Structures are given as C-alpha cells and as structure tokens.
Amino acid sequence: MKKYLLSLAVLSLFYTKTEACAWSDPDYEYFNLFTQSIIKDKSYLPFLHSYSTRFYTDFKASQIPDENIDSWKKFFNNQLSYAETDYLVNKMNINDLNALKKGTPTNQLLIKQGSGFYQKYHEGIDYLIEAKYLEPYMRINYVESPDSFYYERSTADKNATNLDYNKTIAALTSLYNAAKNPEIKQRYGYQLVRFNHYTRNYDAAAQAFKTYILPIKLKGAPYIMALDQLAGAQRGLGMNNDANWNFFQVFKDSRSRKESAFVSMKLSDTASFNNILKRAGTNDEKNMAYFLLGYEDFNNPIPIMEKMYEIDPNSEILKVMAVRSINELERNYLPIYYYTNTDDQSTAQVNNSTKTSDQTKAETAAEQKKEELSFWQKIVRFFRRFFGMKDKTPEEIKADQSDDELLDNPNRIPVFTKTNYYYDDKTKDYLDDLEKFTAKTKEKSKDEYWQIADAYLKFLKKDYKASTEILNDIKTSNPEYQEQIKRMKVLNDIVSQPKIDAAFEDHLMKDYAEYFVDKPEVKKDSTETNEYDYYGEVPSTKDFLKDILANRYFLQGEDGKSFLMNNKLSDLQYNPNSSLVKSVEDFYRKPNKTQFEQQIIAKNFNDVGNIDAFFAVIYGDRAMRQADFDKAKSYYSKAQSFTGIPRSEWNYDAKKQTPLKYTPDVYNGFNHISDLVFGHNVWESYQSSEDESMEKEDYSQFPFIKPTMNKLELADALIQLKKIGTGKDEKSATANQLIGNLLYNTSILGYYRQLFVMDIDNTNGGKYDFWSTDRKNPYQYYYKNFLDRTYIEPDNFDLSINYYKKALNASINQEQKARVLFQMASAEQGKYYQYEAKNPSKVDYSDPKYSEKSDAYQKNLDQIKNQKYRTYFAMLKTQYAQTETAKSLMGSCSYFDYFMK
C-alpha cells in the first residue's frame, strides 16, 4: 500500500504557521472550484473538508433538517410548515400555549389553526407546555475542579438540580403513564432519561431508558434523543465503550445531531472508531465506521474508500470521502497565489530607522539579507526540501522563462506553472489513484456525482477534452449537479484556450458573461449581523477565471490587460515601472475595444483624477531618474492638472474610505518640493523632518531655484543647472554638484527617495528594496501579486557620480572637493548594495558548517567592497583628510571615522 505524504500532519505545519497571522485563513487560500456541498445528504455538510474550523461551516443551518421537527410536523398532520413547526416547538413562549389550552389564544400562528386545534392535538401541546417549563433547567450541574483556574460559571445559572427531584420524577412518570399516543409517551420517557442524566443520577437515567423508552418499540426522533442522553449517562458511569457505541448509533441515525455525537465519541473513548469497527455487525454500521475512520485519519483515504466501495458503491458517505479528497487536491493544485522560486526574486531591504553611518547601513543590509525570503517563499522552500526536492539552479530558472514553455499553457500544471511547488510526485500519485477509484465507482453507482468527479479530476490533470466529453454525456435533473457541470464546461473551455484574441473575448461575453460581469450589490437584510468580514468572499470560479485570463494575457505580452485583470489603474503608483505603465497606457488609448475589454478590463481604470496627467507624471519621474531633464520637463508640462497621487483615508463622518484630499502645503506627487532636495544630508534619518536631516548648499548663484517648487519647475531648474555645468569655473562646479545631489537624494538611499517613484513620503516599503534579480520583470505568471515584488527600475548611481566628477574636476575649493567626494562615496555605496543584493549567500541554514561558510562569504564581500567600492573614500582619506569638511564628517559618520583611522 502506498504511503502518501498528503497528510494532515504535514499540512498542519503549513497551516499552523499561516494561522498565526491574523490575516490568514487556509480556507481562503485556494480556489474551491468543485463544490463540496453538492452531496445529496446534507446532514453530512459539517464533515466536508475545512482547515479553518473543526467542522465545515459554509452552509446554512436550515440545510440540515431536524428529525425532531419533522416528527412534530408529522404529528400535526403536516398542518404546519417546517418553519412554523420549528417556531412552535423551539421558539414559542409557554404563555402562548397555556392561552391556547384555556381557549383564548393570542399568538397569530395558533389563531390561524382554528378553534379545534388544541382538542385535536392536546396530548402533544400539553407535552410541549411541560417541556418548555423544564427546558431552562435542562443542563447538567457544573462541578468545579479543585484545580480549576479557568472561567467560573455563575451560580445563578439554572440547572437540573434547581428542580425538586422527587416531584419532577413523579410528575413526569404520571404524565408518561397518562399519555395514550406512543410517541408522546416516549417523549416523556426522554425527559425522564434527560432529567436523571443532568442531575447526575446516571444509574437512574440508564434504568429510565430501559423502563420508559425501549418498551415502546419506536426508533424515531424521541428515541434518538433519549439514546443520546443514555450515552451521556453511561459516560458518567465510566462505561465508555457502551457510551461510545450509543453515540455512534445517534451519529448514524440522526441528521441534525451528527456533529455533537461525533464530538461526544471523541470525548468518551480515545480508541473510539477502531472499537466501533470491531463492534459493527451490519453493513450499514461497518460502512459508517469506515467513514469515521477515514474522516478522522485523512492521511490516505483511498484504502478506506475501497472498503466502503466493497460494502456499498452507492453510499452517500462514500461521496463525502471523495469530495473531501478532491478538495484536498484543490488546495495543492489551485492556490490563489503562485509564487516564483526563492532564487528567482528576493530583495534586500534598506532599514529606514535612524542611521548615523554607512557602516550601520551596510551591517543592516547584510543582516536583512539573511532574512530576505518572504514568508511564503520560506514555506515553499520548506515543502520542497521536506519532499526531497532540490532548490532550482539558476539555469533551471532561466529555462523556466523560455518562450516555448511559457506559451505551452494547456500543458502546464495545472494552469499556470510547469512546476507547482505546492505538490510533488506523491500528490500526483494520489490524483492518479483517486481518478482510478472514481472511474471504477462511476460504473457501479447510479449517482451522476461520480461522473462529475471523474470529469473534474481529468480537468486537474489538464485533459480538458476528456473532461468535457464526460460532462456532455451526463444526464441529470439535480440542479446542484447541473450547476457544477455548467461551471466545469466553462472552465475546460477557457483554460484549454492557448491564446485569448478578440474573437474569444467576444465568445466570453456572449456565453459566459455571468462569470465576469459584476452583479449588483445585494443589501443585507436588517436582521443580519453587521460583523466585520476580515477575509472577504471565498475565492470563486469568477476569481479563478480572472486569474487564468490574466496569465494568458501576461504570456501573450499584453501586460497592460494582464495587469488590469487583477488591479486598478491607481495601483501603478505602487510599482510605476515604465514598461508596464506604457502597456497599460497603450490599452487605455486602444481604439475599438472589444465588449470584454470595455466592460471587464477597462472598468479598472478607476479615479486617478486626470488619467493623461497621471501617466505624464510617471513618465516624467522616470526621465528624471535617468537624468533626462528635457524629456521630464516635456512630460511634466502635460501633468499640470495632476490632482495628486490617488490615496484614500478613513472618513469618520461618512464611516468609509474616501479619496485623500491634499492641502496646498504638502507634497502630493507633483507640487510642494523643497529646495533642500539640492542639499546634502547631515545625518541619515528618514523619520526626521527634512529640516533636521538635510542642509542647503549655497544657491545664491542660482536664483531660479525656488524655496518650493513643483516638478515642472524642478525640471526647468535642472535644465538650467546642466547648461551652466558645461563651463569650467566654480559656478559650473556647484551646478554639477547640485545636480549630483538631487540625483543621489532622490535615489533609493536619499532622503527624498519618494519624489520620482509615485510616493508621498519616504517611509519604508518595497519601493526601497534592492533588486536581486537580473530579470527585467520579476513577475512570472501575472500581476495579481503586484505589491509583493519590487518592479521599479533600479537606480543608476553612475549618473550622480558622473555629475560629481564634473564638479570635482571644475572645483578648486578643497572643502567643496571633500564634500563632493563624500557624496560620490555614498553613491558608490549604493552600487555596492546593488552588487550584494544580487550575490546573496548560498549557504544553507542546515549546513553543519553554516557559521564557517557564512563568515567566509562575509569576508569575501568585505574584500570586494574594499577593492571595488571604496574608491572615493580612499581619495578622501589620502588627499583631503585635513579639510574641515573631512573632520566634520568623521564626527557625524562613525564608519567614515573608522575608515580614516
């Protein structure tokens, strides 16, 4: 027998980790395309597959009818509906029934039944009056343990011991003897068993069952309820095997008490289900015992399912086991996010806490490099290694990016990737064996469920043609089956499509619009609770298809459309990569869009103010980072209607998120830029105010540098500085120094690093990470996880260094030269950080020589740093150590001080 590693024990390692995060819920982390709840016997809904809760809860309680209510409905000759019967039995006030008994009913439901209602059903109504009198007391008396330090129950809570025991027993016995209707008589017997159980008279409860329940020979709802109480009493007597067996009978025969009976079985006997199997006599009992064994120990359910198949291939609980197995496969095959390999994209993040030296920065970056793997990347690496899978080599990663492989969509596993890290060959074996079992069962069972399941497993194996053929042959009148079949046909059609063109988009809108067009928002009923939904809706078929199309557009090179399938236009601000922005803009300006493009994709052009200005700011920012100031000015001249980076804030009056309104005195992505951007930092603290962190240079020679500027004015000032910088005098030296300062100050290391990356401040975020990949695009499948990657073109520190070189060559002022050299050394440090990010340590944490190898790695880095990235520090030390500037820097920069000594 194969041993599968698809076990709850292994997966609990994964889910235990995720559940530690408040935002995580494993039942929201995959696409549930095969509806578990299509099983016909809804009493098994709590036993469908879930990791978020002990029992499956994604259904309405009304979907599981209560056999007790059905029994009462039948007693009243179906004169009342199920809901009316439930209200009468469980919710109606005892005073309403007493008024009915007196002939003066006031409750509208009872009035509606007519004047002879009580006389016709007086035995049942009298019983309900007695039961409602007893109900507030029907709980076992709580006996606190001497060692208890948990919640102490209120002594004011009613329990069965608050009733006079002898009087209550006498009254119930009298009512039992007087009752003529066998079912009502048995209900009084149930009350006798329950009352004795809850007063901890366990022997009396067991005797009451023999005396008042068994002789009546009825096995309906009252019997099941009484058997449940007997099992509880037997547990109190320490008769765990008998208690467990009776709870098992309740589980088997009840519809609404399966969940509580299952829990009771677990409490009463640690070897519960194995003991039940030994005791099972009938095929029905054996089948149910196997189900419980398979449910509780879900490591490999197929051998258990084989035994259940041998007993009854038409068994409903066999379908429950199958649907749980399919759901487990979905969790492995269809995660809502696909992540690239850990070697493919990772970032070294610059620490934004207050720093006083380059040394602190370097040490921080090195430390963070050790922790650079994202949470999910660590999970992926863990599972790959747990299952004996090696991490990908750079060559394999590169191969994964080949055009042929990317375009081979129908052969990917299952829809996006060639290698899905969430499963391995063991899981594939599991899929193969489950498919064989399903194919065998569909030939024996009369239920179309097995054909649907077989078609779905073929979908997971990417055999879309075979899946569709099976679906086309199914004939069923079951509406839930019909809906599943319809949905699966849509999935097969779309997923198997290798290219999404205009004709196919027209097909989507014509035949499948319901899966893409947003439905009007349904207002909540006033009776519904207004609880905050932390997770939103469970990932749906609509979401899955959206991801499929996003992937196809991505592979086709239609990045703009791919981006807009999962994101809003305003999201570009978080990763304003110019090539992606251009693709989005091209789609925005595309004439003659298809209906699908207009209604489904273009709807994500949300409010960013003036869209043309929005694009112009992004392009202008990119040109500034490339030191192309003329191009930047050209774009900024088209962006003067820009209303600000589109952010939102919580509006306490409206009690919702509303667009952020910028005041005139704050930076909004275009306006209100301080002339300190041309200065230099006196210490490195992103959290401090600009007046504390930055210091002005002498701008007196450049009156066009205003105290506060917008980006158009800033670009114009740079153009003038660049023109002045072509000279050879002190003024041209200062002009070049100011340009170099601006380029450095707006780089990833500068105080104003937010200016040209569509951000409103310099606080920490992915925009300020160093890339560790040579790939132009860090995304591999789509842009759904857009915010999980850094997708802003890296800084070119040589641009600022080149302007500093011009300043250095033109200046004759030793103090200015020392300042310029220090700025050049800071920019060179940025080049080192970029090198370090792309050359992370390959030493595995599990390596016995981890410390030794890590020290060697760090030593090599230090050697490279000193040989290649300390050019200007060395010049400053050897040629300008006696300047006041150098001495001052030694006092404010501990690393420079160390280097000088």
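Residues numbered from 1 in each chain as written. Predicted model: local features only at pLDDT ≥ 70, side-chain atom pairs only at ≥ 80, totals over all residues. Heavy atoms only, no water.

Q: Just checking my understanding: could you explain helix H16 (residues 302–311) for this structure?
A: Each turn of an α-helix holds 3.6 residues, which means side chains three or four residues apart point in the same direction. Looking only at H16, the buried set comprises Ile-302, Ile-304, Met-305, Met-308 and Tyr-309. An end-on view of H16 places all buried positions within 150° of arc, on one side of the element. (Buried < 20%, exposed > 50% of the residue type's maximum accessible area, 1.4 Å probe, protein only. Helix = DSSP H or I, 4+ residues; strand = E, 2+ residues; numbered from the N terminus. Arc of directions from axis to C-beta.)

Q: I keep staring at the nonpolar core and nothing clicks. Help me out?
A: Nonpolar side chains in soluble globular proteins tend to end up buried together. Counting 206 residues, the largest nonpolar core has Phe-291 and Phe-678 as the members making the most contacts within it. It is helix H31 (residues 611–625) that contributes the most residues to this core, 10 residues altogether. Among the nonpolar cores identified, the runner-up in size contains 31 residues, and Leu-749, Leu-821, Ile-864 and Leu-889 belong to it. (Core = buried A, V, L, I, M, F, W, Y, C linked by side-chain atoms within 4.5 Å.)

Q: Sorry if this is basic, but what is going on with the packing of aromatic side chains here?
A: A ring pair, where both rings are aromatic, is described by two values, the distance of the centres and the angle of the planes. In this structure the tally under the stated criterion is 57 aromatic pairs. Relative to Phe-596, the ring of Phe-516 lies with its centre 5.4 Å away and its plane at 80°, an arrangement referred to as edge-to-face. In this pair, Phe-516 sits in the loop between helix H26 (502–511) and helix H27 (541–555) while Phe-596 sits in helix H30 (residues 595–601), placing the two residues 80 residues apart along the sequence. For Phe-596, a relative accessible area of 0% gives the class buried. Between Phe-770 and Tyr-833 the ring centres are 5.6 Å apart and the planes differ by 55°, which places this aromatic pair in the tilted class. Pair noted here: Phe-770 is in strand E8 (residues 769–771) and Tyr-833 is in helix H37 (residues 814–838), with a separation of 63 residues, a long-range link. The residues Phe-770 and Tyr-833 share a single accessibility class, namely buried. Taken together through their ring pairs, the aromatic side chains of Phe-31, Phe-34, Tyr-309, Phe-437, Tyr-449, Trp-450, Tyr-456, Phe-459, Tyr-464 and Phe-544 make up a single cluster. Its end group placed over the ring of Tyr-309, Lys-440 keeps NZ or CZ at 4.5 Å from the ring centre. When the ring centre of Tyr-803 is taken as origin, the NZ or CZ atom of Lys-806, which lies over that ring, is 4.8 Å away. (Phe/Tyr/Trp six-rings, centres within 6.5 Å; stacked < 30°, edge-to-face > 60°. Lys NZ or Arg CZ within 6 Å of the ring centre and 35° of its normal.)

Q: Can you help me understand helix H11 (residues 221–236) in this one?
A: The terminal C-alpha atoms of H11, which comprises 16 residues, lie 23 Å apart, in line with the 22 Å expected from a rise of 1.5 Å per residue. H11 sits mainly inside the fold: 14 of its 16 residues count as buried. Where H11 ends, the next residue or the one after it, Gly-238, has phi of about 80°, a positive value. (Expected span 1.5 Å × (residues − 1).)

Q: Is there a simple way to think about the side chain of Asn-741 in this case?
A: Here Asn-741 lies in helix H35 (residues 730–745). A distance of 3.4 Å separates the side chain of Asn-741 from the backbone oxygen of Gly-679, its partner in a polar contact. (Polar contact = N/O pair within 3.5 Å; in protein donor to acceptor, adjacent residues only side chain to side chain.)

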